[in-house]
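As a plain string of letters, each chain reads:
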Amino acid sequence: MENTSTEEDIFVPTGDCESVSVVGTALTGGLNPFQRHCGLLCDLVVAYRIVTPAGVPLDVTPESDNALFKALRGAGGSNFGVVLSVTLKVEKVPRARPMVGVDLEWDIEEATAVWQGWGAFAAQCDDRLVLQIDMCRTRLSASGIFLGDETELQGLLDSSTLPAWQHMRCTKHDGTSFWTQFTYNDDVACRWKNFGILLDQAPGPELIEALRVLLNDVPFPALDVNIMCLPGGGMVAQPGSSTSFPWRNHVGALQIIARWRQPHEDQAALGWACRVRALFGLAADSSSEDGDTRFATQHFDPSPLHLYAGWPLAEQSRQDAMERYYGDNVSELRRVKVRVDPENVFRCPQSIDGT
Ligand SMILES: Cc1cc2nc3c(=O)[nH]c(=O)nc-3n(C[C@H](O)[C@H](O)[C@H](O)COP(=O)(O)OP(=O)(O)OC[C@H]3O[C@@H](n4cnc5c(N)ncnc54)[C@H](O)[C@@H]3O)c2cc1C
């Protein structure tokens, strides 16, 4: 789709992993490397064509059924029908529009200062820049895309609150290559586990320290872990009331992704992933008194955690999941569910229930 649209001078702000479908992300919301400027992918949807639980094909637009249209934008996966197609409102942009990727790198020992500098900058700067921070055991970097030229980008970074970096690299991009800017696109070949939450403030020094402890404590060296944060911020330009994604004010989307390759490593890798959940107070068994659980008890109250429906977390009740994914939209979504799918044909453990 990106190749075709670029040939026609059209730009679509998709996500950045090859294995993820456009329809899936247009249903869960669609976080993307241009979101501070262009909004979520679901913000660009003007119509969904669906087959209802009764087997009836339906074009859903704000004019035909505003409540169902809003429900599909952000809560549409496996809830209201089979989505056959999505119509997006796209921008015509000149192919020559400058788009530059940037990589910055720091010494890992500077983690606290860099995260703090990033927190004060990334969600408030010029919304044409989306600068994601990325921390591994031995490496601390930031990677981003700027819808402008290199000189302008350099000026923005020089005046930022980011500590001085050791390395900087710029790469020219267009609508077909931007996703190569990000390093984790080999997801198809990997076994992996994602944990993601939406933050209403940048991670503080205690959380960074706790994350570094976890990074240094992986059960086998080939467990590759990235801790990333994609800035939110400028997404507030889109009125949140027209979609089911309620967390427009989030400062960053924190993701902890563990990847490994061998089936015999599954148990150790998934055990480590449980420790990540415990750190945020979401472990299946929170009665144990280990360091991670103690950290969660001191620093996190899991009930107001804000989550993204595209990153479902199995370790929570349906009721908690509904509130954490959809906030104040839950009652309205339940009303739409009862009207459109009264027999609950489309269901999974975290789908919207009509009660
Ligand atoms: C490697 C990877 C990278 C990701 N990157 C991003 C990203 O950059 N931005 C982002 O916002 N999210 C991202 N996500 C999360 C993504 O939004 C969700 O996983 C999304 O549900 C993926 O859609 P899918 O159709 O590919 O997945 P599936 O697992 O096929 O579908 C997810 C859910 O939606 C339902 N569903 C799928 N298609 C339809 C349909 N046509 N009609 C009705 N229901 C349907 C399925 O039943 C299922 O419940 C990523 C996920 C992965 C695995």
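Before reading on, note that the structure itself is shown above.
If you had to explain the overall build of the protein chain to someone new, which residues and values would you point to?
On a plain count of helices and strands, the protein chain comes out with 11 helices and 12 strands. In summary, the protein chain has a C-alpha radius of gyration of 20 Å against a globular reference of 20 Å for 355 residues, a match within 12%. In terms of principal-axis extent, the alpha carbons of the protein chain reach across some 60 × 55 × 35 Å. In the protein chain, of all internal contacts separated by at least 6 residues, the share reaching a separation of at least 24 is 73%.

Describe unusual backbone geometry, naming the residues involved and giving the relevant values.
The phi torsion at Ser78 lies on the positive side, around 55°, for a residue other than glycine. Taking the number of C-beta atoms within 10 Å as the measure of exposure, Ser78 has 16 and is therefore partly exposed. Backbone geometry places Asn344, a non-glycine residue, at a positive phi of 55°. Examined against the element boundaries, Asn344 turns out to sit in the segment after α11 (330-340).

Now, about the sheet that holds strand β7 (residues 129-135): what can you tell me, with residues and values included?
The seven strands lie next to each other as β9-β6-β8-β7-β11-β12-β10, forming an open sheet whose pairing is antiparallel. Here the strands that pair on one side only, and so sit at the sheet edges, are β9 (167-172) and β10 (191-199). Neighbour-to-neighbour, the strand axes of the sheet open up by a mean angle of 15°, direction not taken into account. Here six bridges tie strand β6 (residues 100-106) to β9, and the two strands are oriented antiparallel to one another. Within β9, the residue paired with Asp103 across the bridge is Arg169.

Quick rundown of the sheet that holds strand β2 (residues 45-51)? Include the residues and the values.
In spatial order, the strands read β3-β2-β4; together these three strands make up an open sheet with antiparallel pairing. One side of each edge strand has no neighbouring strand; the edge strands of this open sheet are β3 (57-60) and β4 (82-88). If you compare each strand with its neighbour and ignore which way they point, the axes differ by 15° on average.

So, the environment of Cys42: which residues are in play, and what are the values?
When you line up the elements, Cys42 lands in the loop between α3 (35-38) and β2. The exposure class assigned to Cys42 is buried, which follows from the 26 C-beta atoms found within 10 Å. Considering only alpha carbons, one finds Cys42 and Ser242, 200 residues apart in sequence, at a separation of 9.9 Å. Once residues lying within four places of it in the same chain are set aside, the contact partners of Cys42 are Ala26, Gly29, Gly30, Arg73, Gly74, Thr243 and Phe245.

Calculation rules
Residues numbered from 1 in each chain as written. Predicted model: local features only at pLDDT ≥ 70, side-chain atom pairs only at ≥ 80, totals over all residues. Helix = DSSP H or I, 4+ residues; strand = E, 2+ residues; numbered from the N terminus. Rg over C-alpha atoms; globule rule 2.2 N^0.38 Å. Contact = placed C-beta atoms within 7 Å. Buried ≥ 20, exposed ≤ 12 C-beta atoms within 10 Å, placed from the backbone. Pairing = 2+ DSSP bridges. Axes fitted to C-alpha atoms, helices over the stretch in contact; angles between N-to-C directions.

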